Amino acid sequence: MASSATTTEPAPINNVETKSVSELDTLKARLDDQISKLEKHIINKAPVSSVLLNSDILKKINKFILDGKTIADSSPLWNELEQTVLGASPHFKEHLQLLIGQNLKTPDYNLVLLIRCGISPAQLAILLGRTKIRYLIVANTCAKWCSAEKSMVNSSMI
């Protein structure tokens with residue numbers, strides 16, 4: 001007796017090519033929601049000192065964020081930001097180097113300076129002209145460096 005087994009076609013793989021515009025919009029909204037949730041939960045920020053919060057450079061940086069502008073790699077704002085961070089935490093650069101065991105490239109160091117000032121991944125994306133998801137990953141690591149640096153200062157390792 002012949003078996004009457006039916007063969008079922010495998011379900012199509014869900015990829016961008018098979019999604020409708022409304023499905024893609026829904027997925028995008030879900031992804032944006034997930035990124036926002038990650039921003040709130042993934043970063044254990046070091047407290048930002050009042051010196052940094054009230055600094056002229058942070059006011060300038062916040063203006064860039066509000067205007068949706070990026071900061072050029074060659075901008076003198078980076079030097080001003082570094083001087084302000086080092087004014088608030090004189091051993092920041094040394095502690096950071098001890099924590100990571102190597103010198104950071106200039107763009108990575110600039111990123112750490114922004115994170116030290118409490119700039120969120122979404123704001124980093126604006127300032128640096130990159131995607132948010134990359135900065136969620138990098139910012140988490142950098143925030144840990146900044147928190148560790150704060151712990152070093154608190155434990156008199158200055």
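See the structure above.
Just so it is clear, the structure is predicted and the values come from calculations on it, not from any experiment.

**Digging into the overall build of the protein**
Moving on, step 1. Across its full length, the protein carries 8 helices and 0 strands.
Moving on, step 2. Going from the N terminus to the C terminus, the protein shows its helices and strands as α-α-α-α-α-α-α-α.
Moving on, step 3. Counting across all 158 residues of the protein, residues that qualify as buried make up 32%.
Moving on, step 4. Of all intrachain contacts in the protein linking residues separated by at least 6 positions in sequence, the fraction that spans at least 24 positions is 68%.
Moving on, step 5. Of the roughly 10300 Å² of accessible surface on the protein, a fraction of 55% belongs to carbon and sulfur atoms.

**Section: helix α3 (residues 56–67)**
Moving on, step 1. In this model α3 runs 17 Å from its N-terminal to its C-terminal C-alpha over 12 residues, within 8% of the 16 Å that 1.5 Å per residue would give.
Moving on, step 2. For α3, the set of buried residues is Ile57, Leu58, Ile61 and Ile65. The buried side chains of α3 occupy one side of the element, clustering within an arc of 95 degrees when seen end-on. Residues of α3 that are exposed and point more than 90 degrees away from the buried face comprise Asp56, Lys59 and Leu66.

**Regarding the packing of aromatic side chains**
Moving on, step 1. All told, the structure shown has 0 aromatic pairs when counted by the stated rule.
Moving on, step 2. Seen from the ring of Tyr109, Lys93 lies directly overhead, with NZ or CZ sitting 5.0 Å from the centre.

**Comments concerning the nonpolar core**
Moving on, step 1. Counting residues in each nonpolar core, the largest one holds 24 residues, and the members touching the most others are Ile61, Leu81, Phe92, Leu114, Ile119 and Leu127.
Moving on, step 2. Sorting the residues of this core by element identifies α3, α4 (77–88), α5 (92–100), α6 (106–116) and α7 (121–128) as the ones contributing at least two each.
Moving on, step 3. Here this core takes 6 residues from α6, the largest share from any one element.
Moving on, step 4. Residues contacting Ile61, with those up to four places away along its chain left out, are Ile71, Leu81, Leu114, Ile119 and Leu127.

**Topic: the side chain of Glu82**
Moving on, step 1. Assignment of secondary structure puts Glu82 in helix α4.
Moving on, step 2. Taking relative accessible area as the criterion, Glu82 reaches 13% and is therefore assigned buried.
Moving on, step 3. Discounting residues that sit within four places of it in the chain, Glu82 has contacts with Lys93, Tyr109 and Leu113.

Reading guide: rules and limits
- Residues numbered from 1 in each chain as written.
- Predicted model: local features only at pLDDT ≥ 70, side-chain atom pairs only at ≥ 80, totals over all residues.
- Heavy atoms only, no water.
- Helix = DSSP H or I, 4+ residues; strand = E, 2+ residues; numbered from the N terminus.
- Buried < 20%, exposed > 50% of the residue type's maximum accessible area, 1.4 Å probe, protein only.
- Contact = heavy atoms within 4.5 Å.
- Areas by Shrake-Rupley, 256 points an atom, 1.4 Å probe, with all protein chains shown as cover.
- Expected span 1.5 Å × (residues − 1).
- Arc of directions from axis to C-beta.
- Phe/Tyr/Trp six-rings, centres within 6.5 Å; stacked < 30°, edge-to-face > 60°.
- Lys NZ or Arg CZ within 6 Å of the ring centre and 35° of its normal.
- Core = buried A, V, L, I, M, F, W, Y, C linked by side-chain atoms within 4.5 Å.

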